[in-house]
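Each chain, written out:
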Amino acid sequence: MKTVMEQLMELQDKLDALKAQSTEYTTCCSGVCTCDEDPETETPQEVSAEEANVIVFTKDELITFATHLVERTLDKCKEAVTDTNLDADNLVDLSMGYGYQIEVELDMDAITRSIHDEIDGTIEMDSDSVETEVNNILNEMKQS
């Protein structure tokens, strides 16, 4: 399972590759091309970003988008931790020690597993949920 940052980096790499392709076919010689051309070779058709389902971000817009995404993820994680149902009977071991001292031992592995399970159940990583979240953030960015 990829982290949000890994997914954002992949998106940025794809955007960079598309930008490189769009500048690959530029005219030369002040708009008059004298290069040897194969008459049977078709000139690539330009496709708009909308037709290719591509979103172009400036660096500031990408930072704003990533910030919104991280804020939403953090809120969901905090919600998951708050809603974690920790059963003290399974997490705490009480014993009588020397001199009638009560010794308390926490099962940190069980606590960690419970929190991880709750976060995994709260954060939806399927493509439809991620797409919905991205669209919501983009709509918020358009409105502001």
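Residues numbered from 1 in each chain as written. Predicted model: local features only at pLDDT ≥ 70, side-chain atom pairs only at ≥ 80, totals over all residues. Heavy atoms only, no water.

Enquirer: Would you explain the packing of aromatic side chains in this entry?
Expert: Aromatic rings considered in pairs are described by the distance between their centres and by the relative angle of their planes. Summed over the entire model, instances satisfying the criterion amount to one aromatic pair. Centroid distance F57 to F65: 5.4 Å. Interplanar angle 35°. Geometry classified as tilted. Note on accessibility: F57 and F65 belong to one class, buried. (Phe/Tyr/Trp six-rings, centres within 6.5 Å; stacked < 30°, edge-to-face > 60°. Buried < 20%, exposed > 50% of the residue type's maximum accessible area, 1.4 Å probe, protein only.)

Enquirer: Help me understand the pattern of salt bridges in this model?
Expert: Across all of its chains, the model carries two salt bridges by this definition. Where E133 meets R72, a salt bridge forms, and the shortest distance between an N and an O atom there is 2.5 Å. Placement of the pair is E133 in helix α5 (residues 127–143) and R72 in helix α2 (residues 59–82), with a sequence separation of 61 residues. Accessibility expressed as a relative area gives 25% for E133, which makes it partly exposed. On the accessibility criterion, R72 (22% relative accessible area) is partly exposed. Salt-bridge contacts for R72 lead to E140; the nearest nitrogen and oxygen are separated by 2.2 Å. Remark: E140 occurs in helix α5 and R72 occurs in helix α2; sequence separation between them is 68 residues. (Salt bridge = Lys/Arg side-chain N within 4 Å of Asp/Glu carboxyl O. Helix = DSSP H or I, 4+ residues; strand = E, 2+ residues; numbered from the N terminus.)

Enquirer: How should the environment of M141 be read in this particular structure?
Expert: Relative to the helices and strands, M141 is located in helix α5. Given a relative accessible area of 17%, M141 falls into the buried group. With 77 residues separating them in the primary sequence, M141 and T64 have C-alpha atoms 8.2 Å apart. Excluding anything up to four places from it in sequence, M141 contacts F57, E61, T64, F65 and H68. (Contact = heavy atoms within 4.5 Å.)

Enquirer: Can you help me understand the nonpolar core in this one?
Expert: Generally speaking, a soluble globular protein has its nonpolar side chains buried in company with each other. Ranked by size, the top nonpolar core spans six residues in total: F57, F65, L69, I137, L138 and M141. When residues of this core are traced back to their parent elements, those giving at least two are α2 and α5. (Core = buried A, V, L, I, M, F, W, Y, C linked by side-chain atoms within 4.5 Å.)

Enquirer: What should I look at first to understand the pairing of strand β1 (residues 92–96) in this one?
Expert: In the case of a regular strand, side chains alternate between the two sheet surfaces. Relative to strand β2 (residues 102–106), β1 runs antiparallel, the two sharing five bridges. Bridge pairing in β2 links L94 to V104. Between the end of β1 and the start of β2, which pair antiparallel, lie five residues, with G99 showing a positive phi angle near 70°. (Pairing = 2+ DSSP bridges.)

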